[in-house]
Amino acid sequence: QVQLVESGGGSGQPGGSLRLSCAASARWFGFVTMGWYRQAPGKERDLVAVIERGGDTYYADSVKGRFTISRDNAQNTVYLQMNSLKPEDTAVYYCNVRRIVGGSPYDYWGQGTQVTVSS
């Protein structure tokens, strides 16, 4: 079915930057929200940022002012620009697509990409 391919993960230094990309293998129709979640070891998976089709964005308090989410609807791609990295940003990051069809949500997830921030 639909496959989300993530790239750009890896290691970074505190204060540095990384850019994550997530490309979908197929297009969606209707209302689609794209976003990023992250999960640290032993922790729950938490929202990082989401972006609506029209461009409205929402960020977790912990990343506001540092991360920027964007999307290319024509390419079915979502990006996460991560600036001013902190060690606390270390986690597995998951791309998410939520499609609303007939009032019901359908979620798709990437495989996850490790981001490690250390000196």
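In the block above lies the structure referred to throughout.
Residues numbered from 1 in each chain as written. Predicted model: local features only at pLDDT ≥ 70, side-chain atom pairs only at ≥ 80, totals over all residues. Heavy atoms only, no water.

## Considerations on the pattern of salt bridges
For the structure shown, the criterion picks out four salt bridges. In this structure, the salt-bridge partner of Asp-61 is Lys-64, at a minimum N-O distance of 3.1 Å. For Asp-61, a relative accessible area of 65% gives the class exposed. A single salt-bridge network, built from bridges that share partners, covers Arg-38, Arg-66 and Asp-89. (Salt bridge = Lys/Arg side-chain N within 4 Å of Asp/Glu carboxyl O. Buried < 20%, exposed > 50% of the residue type's maximum accessible area, 1.4 Å probe, protein only.)

## Re the nonpolar core
Formed by 26 residues in total, the largest nonpolar core has its most connected members in Trp-36, Val-48, Phe-67, Val-78, Leu-80, Met-82 and Tyr-93. Elements with a minimum of two residues in this core: strand S3 (18-24), strand S4 (31-39), strand S5 (46-51), strand S7 (67-72), strand S8 (77-82), strand S9 (91-101) and strand S11 (113-117). (Core = buried A, V, L, I, M, F, W, Y, C linked by side-chain atoms within 4.5 Å. Helix = DSSP H or I, 4+ residues; strand = E, 2+ residues; numbered from the N terminus.)

## Observations regarding the packing of aromatic side chains
If you walk through the whole model with that rule in mind, you get one aromatic pair. Between Tyr-37 and Trp-109, the aromatic rings sit 5.1 Å apart at their centres with planes inclined by 65°, giving edge-to-face as the arrangement. Of this pair, Tyr-37 sits in strand S4 while Trp-109 sits in strand S10 (residues 104-109); the two residues are 72 residues apart in sequence, bridging distant segments of the chain. Judged by relative accessible area, which is 36%, Trp-109 ranks as partly exposed. (Phe/Tyr/Trp six-rings, centres within 6.5 Å; stacked < 30°, edge-to-face > 60°.)

## Observations regarding the state of the cysteines
With the rule as written, the count across this model stands at one disulfide. In this model, Cys-22 is linked to Cys-95 through a disulfide, with the two sulfur atoms separated by 2.1 Å. Taking the torsion about the sulfur-sulfur bond, which here is approximately -85°, the covalent link between Cys-22 and Cys-95 counts as left-handed. Within this pair, whereas Cys-22 is found in strand S3, its partner Cys-95 is found in strand S9, the two being separated by 73 residues in sequence. (Disulfide = S-S within 2.5 Å.)

## What to know about the environment of Pro-41
Here Pro-41 is to be found in the loop between S4 and S5. Sequence spacing of Pro-41 and Ile-100 is 59 residues, and the spatial spacing of their C-alpha atoms is 30 Å.

Without other data, these values stay purely geometric and don't point to any function.
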